[in-house]
Number of protein chains: 4
Amino acid sequence: MMEEFEVVIEKEVKLNKPILIEGLPGLGLVGKIAVEHIVKELKAEKLATMYSVYFPPQVVIQEDGTVRLMKNEFYYWKSGKKSQRDLLFIIGDTQGSSPESHYKLCNKILDVAEMYNSDMVYTLGGFGVGHMVKKPKVFGAVTHKTLLRPLKQVGVSFEKTGGGIIGAAGLLLGLGKLRDMKGVCLMGETHGQIIDARSAKAVIDVIGKILKVDIDTKELDKRAKETEKALKRVQKLEKQRMSVESFPMESESPSYIR
Amino acid sequence: MMEEFEVVIEKEVKLNKPILIEGLPGLGLVGKIAVEHIVKELKAEKLATMYSVYFPPQVVIQEDGTVRLMKNEFYYWKSGKKSQRDLLFIIGDTQGSSPESHYKLCNKILDVAEMYNSDMVYTLGGFGVGHMVKKPKVFGAVTHKTLLRPLKQVGVSFEKTGGGIIGAAGLLLGLGKLRDMKGVCLMGETHGQIIDARSAKAVIDVIGKILKVDIDTKELDKRAKETEKALKRVQKLEKQRMSVESFPMESESPSYIR
Amino acid sequence: MMEEFEVVIEKEVKLNKPILIEGLPGLGLVGKIAVEHIVKELKAEKLATMYSVYFPPQVVIQEDGTVRLMKNEFYYWKSGKKSQRDLLFIIGDTQGSSPESHYKLCNKILDVAEMYNSDMVYTLGGFGVGHMVKKPKVFGAVTHKTLLRPLKQVGVSFEKTGGGIIGAAGLLLGLGKLRDMKGVCLMGETHGQIIDARSAKAVIDVIGKILKVDIDTKELDKRAKETEKALKRVQKLEKQRMSVESFPMESESPSYIR
Amino acid sequence: MMEEFEVVIEKEVKLNKPILIEGLPGLGLVGKIAVEHIVKELKAEKLATMYSVYFPPQVVIQEDGTVRLMKNEFYYWKSGKKSQRDLLFIIGDTQGSSPESHYKLCNKILDVAEMYNSDMVYTLGGFGVGHMVKKPKVFGAVTHKTLLRPLKQVGVSFEKTGGGIIGAAGLLLGLGKLRDMKGVCLMGETHGQIIDARSAKAVIDVIGKILKVDIDTKELDKRAKETEKALKRVQKLEKQRMSVESFPMESESPSYIR
């Protein structure tokens, strides 16, 4: 990988003006949980893997003892109907780190989406309210006013304005608009500090209605529990972590250690 | 947007050696309030919008539910008289973030100004004194000594030397001088921690006299109050902010969460 | 040095599909101690020196009063047998600093390795457990499952999965895999905060068996003690360090100090 | 200024294999005080000014009300004798900020020095010991052993090894050596936290002997006092500083303030 990004296309497919759906890690992991669930339920297939020098400089040790780089992944789903657009998903371990890299990553994602003639993006995320929410609302934001009405019809709230959307969920809309792409951000109300499957479910329900795709959420609670368990395991592993961190330089010495 | 900056020219105009006037956010928002007020009062028109990977990686949700990227904007005003130079304004949400980006942003602004044959820049800002000021003075700094006399005649004080001017208000002068542009910085005395319309008024009065442009400030107080209200609303919203922040990577796990 | 990296090749040699072995500074200095010991024992020869703008901006004052830049070094060892692959070592003062520079440094190391037709990399490091370990295990991670069996046969443990490997020890595997290189990471169980020759010995024993190279470790304890002494000396010197740090700018003044 | 550095050559001169002498800000300002004093005493002339995006993003307001960018400056002194080499000085407000920029700045300085056929550099700095020193020693470090003897003859101490030299004073030697330039670093023993004219004097005495140039230091104490006064004035000004810092973005609002 010699450049800022490396996109490895794993399958040659033609897509029917796919809608890009983003679920990178963010507040409450709402978007990540939601989009990864949709990918599973629709049995979406892997399209491409993206690596970047802007991702954390580390590998993950997988169950089978092999390692993999930090990555983002594109998945696709073919509707099978001419009248219904295909879907293109972007999920992954991480967003960019620095402000610049956020912009660059999102532009790269949009470059790939445009290669498949996508002209529409949905970004999914959490809307932090700082307390537990029993019945999470779904808040929205759009690139063009014409997109508002159908969203309101399925219950998306637009009462929260004046704030900002940080990271990919916001930039994919803002940068997409500069490329004449339309975009919708759907944010599930969530605590903010806690992984929130309930909020993810609310977002899935809305996007399912909008896209007219039936997404079963029976497995979601189970998966959320597995997620929690997995995360606890990570926190425990953290201490004995296989990290190989950089040391401060040491002195030149008469010994062989430099 | 593939480059560091993207300048979208929205209107083709020819300008008569326009004077560039900068009012980006800074101390007490004095420059921002002043220049945005002048733009309103003169009914200056939008010329171009500038986006940058150096701006915060986020979008703002506007009143109507649509989002927009962080931006800087150029406005222009035609004097209508051959004998009076036109004006070119640069205002916006933000300055650069890193030291380098401050330099790069200012050079980009000067590039655009030079496209319109501008050879003179006024930067407006606040001069922080750490306490409330009833009758704010206006302090000045210039690129060339020949600029001093007319400024002193309209009451600009040059008693404060030995300090620095950080950001666009300073760099546009310093970098402009390298391009043979002349420049003046006008700084209204201000508390520093508080948004200060009174200081903005002092600066507007001075620049109005210098440029021989009549700028009504009746609306300024009203607008400053609206500004205060708007900012309080933001502070309240801040907590329930629609932020989608980047999470640390999680572990590979038997579940679908990666 | 005008570029990001400068590689000074010090000797022209042809190598027989060498195996790259990395021992840059990391947890407990396990990898660094181990690989530098192997280099000494095998009387490996210097191949190249690498400098980088991503290394700390300083020089070291050596015993003889001369200075040298921070560096990484390539050493090589010729097996002398057609049936046995040569070895290529990368050791040095430091890894990259920023996330990006970690990626860039590792790609540069792999570029050099590929110049010599290397298609296999071993990275050596420490596996921090937060307490002293009497009989350190060696944990492993690989790029391809086919690499597991021979490692298990020499006692490498693969019980620790789900964690990450930060820095060169991980990235050389991950980035190497993208280039169709195979890779193995060997991590000696170690405290994490303490320089650990015992853990280095465990790793040396394993890699000696794998590579079928006999590496004497009699000198290791002695060297480890020298290392400790040298490091204490550094810590003492630290206070009276010959550092020439950057000052904040001062004011323009009537004196000659600017 | 569109690039990382802009060097404005102010005078066309030919120099006789000049020796580069560096006195950028560092520990105790020893190097800066020493070299700026030498420049004054020898009546060295301005050769070039260097600006950089890696310098702090600000201008200084000078006594006469005009501003100037942060800068480094090259001065030259012609010995007037064929047998004695000319001198080339680099002084200024600041060194680079990030690790990378330290490397880049030093390479740029060496580029300029090489334009004038310089093949030798002296860097001057402070050697921090953490306490006041009555009779400051001068410690040295060199690029080549052959440089040691003449330095020892004029009393330079080489007892302190094993440490590092951070910033330009070190990198100019290390990077210079890569270009086949010879280099000497002279460090006056100093407290470290206090501006130290006495240590500067010790360094001046040594370099005067080495270069066989007579440098009067009568004015040094006076100047050091002025420096102290000037710095106190700055500290006082700091509070009411004409800084125009970047604000966090505010919300879109019904008012004209964005």
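Everything discussed here concerns the structure shown above.
I will try to describe carefully the structure that is included in this document.

About the cut-offs
- Residues numbered from 1 in each chain as written.
- Chains lettered and ligands numbered in written order.
- Predicted model: local features only at pLDDT ≥ 70, side-chain atom pairs only at ≥ 80, totals over all residues.
- Pairing = 2+ DSSP bridges.
- Helix = DSSP H or I, 4+ residues; strand = E, 2+ residues; numbered from the N terminus.
- Axes fitted to C-alpha atoms, helices over the stretch in contact; angles between N-to-C directions.
- Contact = placed C-beta atoms within 7 Å.
- Buried ≥ 20, exposed ≤ 12 C-beta atoms within 10 Å, placed from the backbone.
- Parallel < 35°, antiparallel > 145°, perpendicular 65-115°, else oblique.
- Left-handed = near helix turned anticlockwise from the far one by under 90°.
- Nonpolar A, V, L, I, M, F, W, Y, C, P; charged D, E, K, R; others polar.

**Some points on the sheet that holds strand β5 (residues 67-69) of chain B**
- Across the sheet, which stays open at both edges, the three strands sit in the order β10(A)-β4(B)-β5(B) with antiparallel pairing between neighbours. The open sheet is flanked by β10 (164-166) of chain A together with β5 of chain B, the only strands paired with a single partner. Put simply, the sheet's adjacent strands are angled 30° from each other on average, direction ignored.
- The pairing of strand β4 (residues 58-61) of chain B with β5 of chain B spans three bridges and is antiparallel. When the sheet's bridge partners are listed, Val-60 of chain B is paired in β5 of chain B with Arg-68 of chain B.
- Strands in contact with helix α4 (residues 168-178) of chain A are β10 of chain A together with β4 and β5 of chain B; relative to β5 of chain B, the strand with the most contacts, it is inclined by about 85°.

**Quick look at the environment of Glu-10 of chain C**
All names here are of chain C.
- Examined against the element boundaries, Glu-10 turns out to sit in the loop between β1 (5-9) and β2 (19-23).
- When the 13 C-beta atoms within 10 Å are taken as the criterion, Glu-10 is described as partly exposed.
- Residues Glu-10 and Gly-80 lie 70 residues apart in sequence; the distance between their C-alpha atoms is 21 Å.

**Remarks on the environment of Val-129 of chain B**
- Within the secondary structure layout, Val-129 of chain B lies in the loop between β8 (120-128) and β9 (138-142).
- Between the C-alpha atom of Val-129 of chain B and that of Thr-143 of chain B, which follows or precedes it by 14 residues, the distance is 23 Å.

**So, the packing of helix α1 (residues 30-41) of chain A against helix α5 (residues 197-211) of chain A**
Residue and element names in this part refer to chain A.
- Interhelical geometry of α1 versus α5 gives an angle of 55° and a closest axis separation of 8 Å. Relative to α5, the element α1 is oriented oblique. For α1 against α5, the interelement crossing comes out right-handed. Between α1, through Val-30, Ile-33, Ala-34, His-37 and Ile-38, and α5, the contact on the second element is made entirely by Ala-197, Ser-199, Ala-200, Val-203 and Ile-204.
- Residues of the contact of α1 with α5, tallied by class, amount to eight nonpolar, two polar and no charged.

**Structural notes on the sheet that holds strand β5 (residues 67-69) of chain C**
- Taken in spatial order, the three strands of this open sheet run β5(C)-β4(C)-β10(D), and their pairing is antiparallel. Each edge of the sheet is formed by a strand with only one pairing partner; in this case those strands are β5 of chain C together with β10 (164-166) of chain D. Averaged over all pairs of adjacent strands, the angle between strand axes in this sheet comes to 30°, irrespective of strand direction.

**Side note on unusual backbone geometry**
- Phi is positive for Lys-43 of chain A, which is not a glycine, with a value near 50°.
- Relative to the helices and strands, Lys-43 of chain A is located in the loop between α1 and β3 (45-52).
- Here Lys-43 of chain A falls in the exposed class, since 8 other C-beta atoms lie within 10 Å of it.
- We note that Lys-212 of chain D has phi near 55°; this positive angle belongs to a residue other than glycine.
- Mapping Lys-212 of chain D onto the fold places it in the loop between α5 (197-211) and α6 (218-239).

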